[in-house]
Every structure is written in C-alpha cells, then in structure tokens.
Amino acid sequence: MDDEETRAVVDRLGEQPGETLPPERLEAIQTAMHGNLGRFVESTSYFVLGSYGGDERPRLEAVRDLLAREGVPATADRDVDAFLMDDIMDVSEFFTSKFKLLVSYADHVVGVYEHSRGGHAWEAGYVDQPAYRDRTRVFYRVYGTDEEQYAAYDGMFAHYLLSMERVDRAHTWDTTEELLDRVERTYGSERQ
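Residues numbered from 1 in each chain as written. Predicted model: local features only at pLDDT ≥ 70, side-chain atom pairs only at ≥ 80, totals over all residues. Heavy atoms only, no water.

S.K.: Hey, could you run me through the overall build of the chain in this one?
M.R.: On a plain count of helices and strands, the chain comes out with 10 helices and 5 strands. When the 192 residues of the chain are sorted by exposure, 44% land in the buried category. Taking the contacts inside the chain whose residues are at least 6 apart along the sequence as the reference set, 76% of them involve residues at least 24 apart. (Helix = DSSP H or I, 4+ residues; strand = E, 2+ residues; numbered from the N terminus. Buried < 20%, exposed > 50% of the residue type's maximum accessible area, 1.4 Å probe, protein only. Contact = heavy atoms within 4.5 Å.)

Below, the structure is given as structure tokens:
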C-alpha cells in the first residue's frame, strides 16, 4: 500500500465521537499501519517519548537518530527503526488513539524527560502499566538544586521516575552528551 492508499483507508474511517474505536475502525487503522508502516513487523522498533518543546525536541531527535544507528535488532534478519510520534503518519484523528496503537506495537519505549509539563506526562502514565513496563526505559534530566528539581517534576511524575528507578529502568542525565551516552550504554548492553 502506498501513502495515498493508506490515507484513503484512514479517510474512510469516518468521524467517531470520543475515543471509542469499534472493531471495524480499529481493523482499518491496523491495516493501514501494517500496509504502509511495516516498521512494526519487519523492524525492531524504538518509540521515543518526551516533550516536543523547542528546547527539548533536538534531544529527542538526537536519541531517535542514535537508536536508529546503534539500536540492536531483535534478530539478525530484522532492521532497526527509531521514531518520534510525529514521524508516523496520522492514522486516527485522535492523538491518544494513535499513541496507544504505536506504544502497543513498539518493541522498546524510550522516555526522555526534562520536566512534567505537557502531553508526555500523560504518555508516561499510560506506559506505566505491566503490559508496557518491561519494554520501557526512562532517561530523565537532573538539575543542580532540589528547588530546580521540584520545579521541573511535579509529585506524581517524580513518583513515576522513582518507581522506574526501583526496577532499574531509569537513568539520569544532565547534558545532551550524558543523555546520549546513557542511551547508548543502556541499549548497547542488550548486545550481550
């Protein structure tokens, strides 16, 4: 299926109130994803989450690009694909539905966090479920003082980060270079 064919499938989905996806609509979305986005079938995928703010986005893109180059395929005959949510064609008019589908298909979920303001806080809460936790690692920025740290992360998000630390799925960083080093060391260790 090419982009136009996939878009036609998605366009036929029609308007749907709320976030309820009837089985036919979900099947059409999945068909579009599989047909045009074989990255989930043919590749080991790394879904990079975080803030798309002007200051933060370049770090998300750097992590995505690093994983695309250095990520480890699940098997020798698979490729590696790393992506941000907006790298993927919109397959639903609902942002949350698109997110849920992508996180369901991704082999690895990589959270890159600098604060708890924005939609990525909701995403972190969503992936903090047993079905996703084993596939998720978080990399969060630390600040020089307690006041800066408290200003960056609200109580609920800070608790999420702490819970990920307790199961050895969280890593801290201060500079972009540290972030990239932590990501490379974390996913590079899977080669052994």
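S.K.: I keep staring at unusual backbone geometry and nothing clicks. Help me out?
M.R.: Of all residues except glycine, most have a negative phi; of all peptide bonds, most are trans. Phi at aspartate 168 takes a positive value of approximately 55°, unusual for a residue other than glycine. Exposure remark for aspartate 168: the relative accessible area of 62% places this residue in the exposed category.

S.K.: Where do I start with the packing of helix α4 (residues 57-70) against helix α10 (residues 176-188) in this structure?
M.R.: The relative placement of two packed helices is expressed as an angle between their axes plus a distance between the axes. Where α4 meets α10, the closest approach of the two axes is 10 Å, and the angle between their N-to-C directions is 30°. Taken together, the axes of α4 and α10 lie roughly parallel to each other. The element α4 and its partner α10 pack so that their crossing is right-handed. Facing Arg59, Ala62, Val63, Leu66, Leu67 and Glu70 of α4, the residues of α10 in contact are Thr176, Leu179, Leu180, Val183, Glu184 and Tyr187. For the contact of α4 with α10, a count of residues per class yields 8 nonpolar, 1 polar and 3 charged. (Axes fitted to C-alpha atoms, helices over the stretch in contact; angles between N-to-C directions. Parallel < 35°, antiparallel > 145°, perpendicular 65-115°, else oblique. Left-handed = near helix turned anticlockwise from the far one by under 90°. Nonpolar A, V, L, I, M, F, W, Y, C, P; charged D, E, K, R; others polar.)

S.K.: Can you help me understand the sheet that holds strand β4 (residues 136-141) in this one?
M.R.: Hydrogen bonds between backbone groups are what pair the strands of a sheet, and the pairing can be parallel or antiparallel. What the 5 strands build is an open sheet, ordered β2-β1-β3-β4-β5; its pairing is parallel. Each edge of the open sheet carries a strand with a single partner, namely β2 (79-83) and β5 (170-173). Direction aside, neighbouring strands of the sheet carry axes that sit 20° apart on average. Pairing geometry for strand β1 (residues 43-50) and strand β3 (residues 108-113), over 5 bridges, is parallel. Residue pairing in the sheet places glycine 50 in a bridge with valine 112 of β3. Lying over the sheet, α10 contacts β1, β3, β4 and β5, oriented at roughly 160° with respect to β4. (Pairing = 2+ DSSP bridges.)

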